[in-house]
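Commentary on secondary and tertiary structure
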Amino acid sequence: MDKSMTWKVGLIVAVIALSIWLLWPLDKKINLGLDLKGGMHLIMEVVTDEALTIQTDMSVTQLKGLLKDGSIKYEKIVRKGFNKIEITGSLLDDERKIKDILDDDFRDWTYTVGGNLISLALRPNIEQQLRDQSVDQALETIRNRVDEFGVAEPTIQKEGMAGDKLLIDLPGIDNPERVKSLIKSTAMLEFRQVISGPFLTEEAALKDYNGQLPDDLEIVKTNPRRLDKGFYVLKAATVVPGKDLKSARRAQDEYGAPAVGFSFNSQGAAQFEKFTAANIGKQLSIVLDDRIESVATIQDVIAGDGIIHGRFTIDEVDDIVLVLRSGALPAPLKYIEERTIGPSLGADSIRKGLMACLGGLVLVVAFMLVYYRAAGINSVLALLLNMLILMGIMAYFKATLSMPGIAGIILSIGMAVDANVLVFERIREELNLGKSPKSAIDAGFKKAFWTIFDANLTTVISAVFLFQFGTGPIKGFAVTLIIGIAASMFTAIFVSRVIFDLTYGRRKKLSKISI
Amino acid sequence: MKIFKEEPKIKFINKRFYAFALSGLIILAGVAMFFTRGFNMGIDFSGGTMIEVSLRENTSVQQLRNMLAKINLGDAQITQIGGENKFFIKTLASLKKLNLGNSMKMEDIEEYEIVAREIRNGIMDAAEREQAAAGKIDLNNTAEGEIARFLRDKGIADEDAKESARLAIGLRKSKTGIIGDFSALEKAGVKHRVMDLLRSSAYLGKFTFLSVEFVGPQVGKELRRKAALACIWALIGMLVYIAFRFKFLYGLSGILTLAHDVLIALSFILFFNIEMSLQVIAAILTIVGYSINDTIVIFDRLRDNLKIMKKDDLEAILDKSLNQTLSRSIFTSLTVFLTVMSLFLFGGEVIRPFAFTMLVGVLAGSYSTIYQSCAWLKVWEKYFLKRKKS
């Protein structure tokens, strides 16, 4: 064996060893997708508009404070849509001052000044940043909750082109209902000022406003399990958003009844302190997921922490603490897809997938052996190695094997030998032209290379588009296809060539080859 | 072994009009189907509820339909899975239709969930409903953790509860997904104490939901757009790549051939009323990437031959190139065809629409490579040859 052969064979042995090492033990290294092992698959959309609305409301409050501090008179400051603010009033005199404030403290906003109206709009890049942040935060929150609930090996990731969707895979899930409500609870805890209430009906609440509620107010239902059924009119803007909540714990109120204790971070504490100081004697409501949990009169200045008391049972307190602890969702979630696969369907799919794999393999191997004889053995060896590498790489990337993934593997079997077919046909052609076997093999591999390369690259191109387009299992299909094709470039061109060289290389006189 | 002892001399190009006519006819029929019946949209695209149910007793589609008619869902789409006692139930029904009222404002997907629950109720018979009402659990429709918790609540030790639940779920991994009777559980090794409890407080339903899927309506709209875009971009990708590696006209011929394959595949999906789903789109995109391979092999050869056979006319060069690569075109497709066939035959109902689309696509791809890719070059011979000479 000459030197170049030594390293080639060495490389192949190394690849085989590496693949086996990556794959061992098989059942630990290959993750089965939900469609194969059963479980629950959810796709949810984070309603990022809502997160922006909250942010804009905060900015409105901040702006009011700043204008007040600078004793600038204005008529109204309101949020328009989810990312715009309008200041109205006779602003001409103070235009300079307002501009200064906006330039200094509202750098994330663009503004246009038009006489009695100043319109602010959130900069698009900032808006995108906030959206991304809220999705990231939602993902983190859900991960915490799912972990805390104790689901084994969940998958939680971003999904979709806009990046505002979350994919949640919960294998072998025990209790879909409970997990779902746990995830769904936005745990949006808000502290909001009470304007009036309680009212028995929504109409009664609206009466004071002639049926037309101002923009900055909102009617919110009570949670009938905690308070008497009814409605309150609340300020739309929240005093402190849920994200400034630092921790939550089980606590007791002054009568020893179960209550939820909470602490703010420094920013939240500062805001809360300022608000309570200015509003002693007024009512404050605690709103969780758009339901009023508790209404209390502000007795004193509150800064760092406090308790929510209501008619809680200890279990309820624990549930609320769990969702609060795992962090609030920055925006509500909308379920858009849910698939539950039972245990028997997955088991059936595995059986059938294996069957189809074996069937495909047997058919292709039989064809290659019958049609190309000894050279067929060569291609079968290359094919088996291809499968091994494919599985090894999948194990390395911790790829999940789904039914479409199995289809991808089966397809790879058929496509991988295509390269062999192209090479072998070329060799036959060269032999027909009267070339010696050795130079025919040489020319066959050389001339077929670019054809194989081009042909495979086009398949990869469309697989990439497929990856872009598809969701979970379809992505898995695209990935197996790409890996399979890449591996076949190595096995059908490099390995197969080495096998030829090993078989025929040492013979001095080679007059005939079996192909 | 060789199928062609020597290089064949088939005249492909002069039959191009027959080939174009045949493909044109199939595609026209497909278009007609599209406008009359349209695609059978899966819930990926249409949104809705899709349930795969396995029943213990022999049931016909009509019997199942009668059960669903009780809850006003007699018009749900019911498909029996090849000879087995398993069915797909697909419906877009809303609560209004089920006479459940619609006063609550809820997301569509929650409606679908309720629809699924109603379907479960519809399939249950009187005895099952009675058992369920009495607080018994259905071992054929309860999740592993739920069974374990149920047993624990009834005073079974944690270990035994878990083990019994695992055994029960293990039995459900059979072909039907249904546990026939309690003795099967006993045989599987469930302890006596647990067995006694199960006999009195659990029952074995006559059916099981193998899978339940809900897709919200907004998904489909986005998906349709994305699927079309992905196909178009993949085609453009092919055009650019081939134009780059060869020449623009090759690229154009290549994607016309590909578009043909996609249209033929879509036509057959329409003819056989195959359900349009994500995996069918995946198959179509795979066809786009794969069926160009043969075409590239031929174009490669054509490029060589154009240099060698300078004196011959284009038709002769095209025929020569096709004949030289004919066995390759056939066998590369054949290997993939064999594997896809295996997937179609053995892969089960879940993956069959994918396999069907691939089968049609591979056949259409092979045919169009031979009869059309080069024929298109002949069509614009004037421009093609001029380019060659310049």
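Residues numbered from 1 in each chain as written. Chains lettered and ligands numbered in written order. Predicted model: local features only at pLDDT ≥ 70, side-chain atom pairs only at ≥ 80, totals over all residues.

**Description of the overall build of chain B**
What counts, and what does not: The helix and strand labels rest on DSSP assignments: H or I over at least four residues marks a helix, E over at least two residues marks a strand, and numbering proceeds from the N terminus. Counting other C-beta atoms within 10 Å of each residue's C-beta, where C-beta atoms are placed from the backbone, gives the exposure class: buried for 20 or more, exposed for 12 or fewer, partly exposed between. Whether two residues are in contact is decided by their C-beta atoms, placed from the backbone, lying within 7 Å.
The helix and strand tally for chain B stands at 16 helices and eight strands. Taking the principal axes of the C-alpha coordinates as reference, chain B spans close to 90 × 50 × 35 Å. Expressed as a percentage of its 390 residues, the buried residues of chain B come to 47%. Of all intrachain contacts in chain B linking residues separated by at least 6 positions in sequence, the fraction that spans at least 24 positions is 72%.

**What to know about the domain arrangement of chain A**
Filter applied, for reference: Residue ranges for the domains originate in an automatic or database domain assignment.
Domain assignment breaks chain A into domain 1 (3-35 + 342-504), domain 2 (48-127) and domain 3 (132-337). Its C-alpha centre places domain 1 of chain A at a distance of 54 Å from the equivalent point of domain 3 of chain A.

**With respect to the sheet that holds strand 4 (residues 84-88) of chain A**
All names here are of chain A. Just so we agree on the cut-off: Any two strands with at least two DSSP bridges between them are considered paired. Axis definition: a line fit to C-alpha positions, over the contact stretch in the case of helices; interaxial angles, taken between N-to-C directions, run 0 to 180 degrees.
Spatially, four strands are ordered 3-4-6-5 in an open sheet, and the strand pairing comes out antiparallel. In this open sheet, the two strands that pair with only one neighbour each are strand 3 (76-80) and strand 5 (109-114). In this sheet, adjacent strand axes meet at a mean angle of 20° when their direction is disregarded. The sheet contact formed by strand 4 and strand 6 (residues 117-122) spans five bridges and is antiparallel.

**Considering the nonpolar core**
Which entries qualify depends on this criterion: One nonpolar core equals one set of buried Ala, Val, Leu, Ile, Met, Phe, Trp, Tyr and Cys residues connected by C-beta atoms within 7 Å.
In terms of nonpolar packing, the biggest core is built from 185 residues, with A265, I284, L285, V288 and V340 of chain B touching the most fellow members. In terms of residue count, the dominant contributor to this core is helix 11 (residues 343-396) of chain A (18 residues). Beyond its immediate sequence surroundings of up to four residues, V288 of chain B is in contact with S462 of chain A together with C231, A234, L235, M238, L258 and V262 of chain B. In terms of nonpolar packing, the next biggest core, distinct from the first, is built from 29 residues, A205, V240, A259 and I286 of chain A among them.

**Things to note about the interface of chain B and chain A**
The test is simple: Note on residue categories: nonpolar means Ala, Val, Leu, Ile, Met, Phe, Trp, Tyr, Cys or Pro, charged means Asp, Glu, Lys or Arg, and polar means any other residue, Gly included.
Across the contact, 66 residues belong to chain B and 61 residues belong to chain A. Sorting the residues of the side of chain B that touches chain A by element identifies helix 6 (144-153), helix 7 (158-172), strand 7 (207-215), helix 10 (217-245), helix 12 (278-290), helix 13 (292-308) and helix 14 (314-346) of chain B as the ones contributing at least two each. No other element matches the 14 residues that helix 14 of chain B contributes to the side of chain B that touches chain A. Its residues assigned to classes, the side of chain B that touches chain A comprises 35 nonpolar, 19 polar and 12 charged. Bridge count between strand 17 (residues 333-341) of chain A and strand 7 of chain B: five bridges; the pairing is antiparallel. Each residue of the ladder has a partner; that of R339 of chain A, found in strand 7 of chain B, is E213 of chain B.

**Brief notes about the environment of P404 of chain A**
If you trace the backbone, P404 of chain A turns up in helix 12 (residues 403-432). A C-alpha to C-alpha distance of 9.5 Å links P404 of chain A and G353 of chain A, two positions 51 residues apart in sequence.

**Topic: the domain arrangement of chain B**
By a frequent convention, interface size equals the accessible area lost on bringing the separate parts together. Residues and elements named next belong to chain B. Here the domain parsing of chain B yields domain 1 (13-42 + 216-389), domain 2 (48-123) and domain 3 (136-212). Domain 2 puts 12 residues into the contact, and the matching count from domain 3 is 10 residues. Looking at the side of domain 2 that touches domain 3, the elements with two or more residues in it are strand 2 (48-55) and helix 4 (108-123). Top contributing element to the side of domain 2 that touches domain 3 by residue count: strand 2, with five residues. Of the residues assigned to the side of domain 2 that touches domain 3, the class counts are five nonpolar, two polar and five charged.

**Observations concerning the confidence of the model for chain B**
Residue and element names in this part refer to chain B. The criterion, for reference: Known as pLDDT, the predictor's confidence for each residue is given on a scale from 0 to 100.
Residues at a pLDDT of 70 or more form 93% of chain B, whose mean pLDDT is 86. Within chain B, the lowest mean pLDDT, 62, falls on helix 16 (residues 381-389), and the highest, 94, falls on helix 1 (residues 16-36). Between residues 101-106, whose pLDDT stays under 50, and residues either more than four places distant or in other chains, the model counts five contacts. Across the predicted assembly, pTM comes out at 0.80 and ipTM at 0.87.

**With respect to the packing of helix 11 (residues 248-271) of chain B against helix 13 of chain B**
All names here are of chain B. To keep things clear, this is the line we draw: Oblique is the label for any angle not under 35 degrees, not over 145, and not in the 65 to 115 range, which are roughly parallel, roughly antiparallel and roughly perpendicular in turn. Two helices that cross are described as forming a left-handed crossing if the nearer one is turned anticlockwise from the farther one by less than a right angle, and a right-handed crossing if clockwise.
In the contact formed by helix 11 and helix 13, the axes pass within 10 Å of each other and the chain directions differ by 150°. It follows from the interaxial angle that helix 11 and helix 13 lie roughly antiparallel. Once helix 11 is placed against helix 13, the crossing between them reads as right-handed. Packed against helix 11, whose contacting residues are Y250, G254, T257 and L258, the element helix 13 presents I292, T295 and F299 at the interface. Here the contact of helix 11 with helix 13 is composed, by residue class, of four nonpolar, three polar and no charged.

**A closer look at unusual backbone geometry**
Residue P25 of chain A is reached from W24 of chain A by a cis peptide bond, and omega for that bond is -10°. By secondary structure assignment, the location of P25 of chain A is in the loop between helix 1 (3-23) and helix 2 (26-29). Of note, the phi angle at S71 of chain A is positive, near 40°, even though the residue is not glycine. Within the secondary structure, S71 of chain A sits in the loop between helix 4 (48-69) and strand 3. One non-glycine residue with positive phi stands out, namely N273 of chain B, at about 55°. On the neighbour-count criterion, N273 of chain B (11 C-beta atoms within 10 Å) is exposed.

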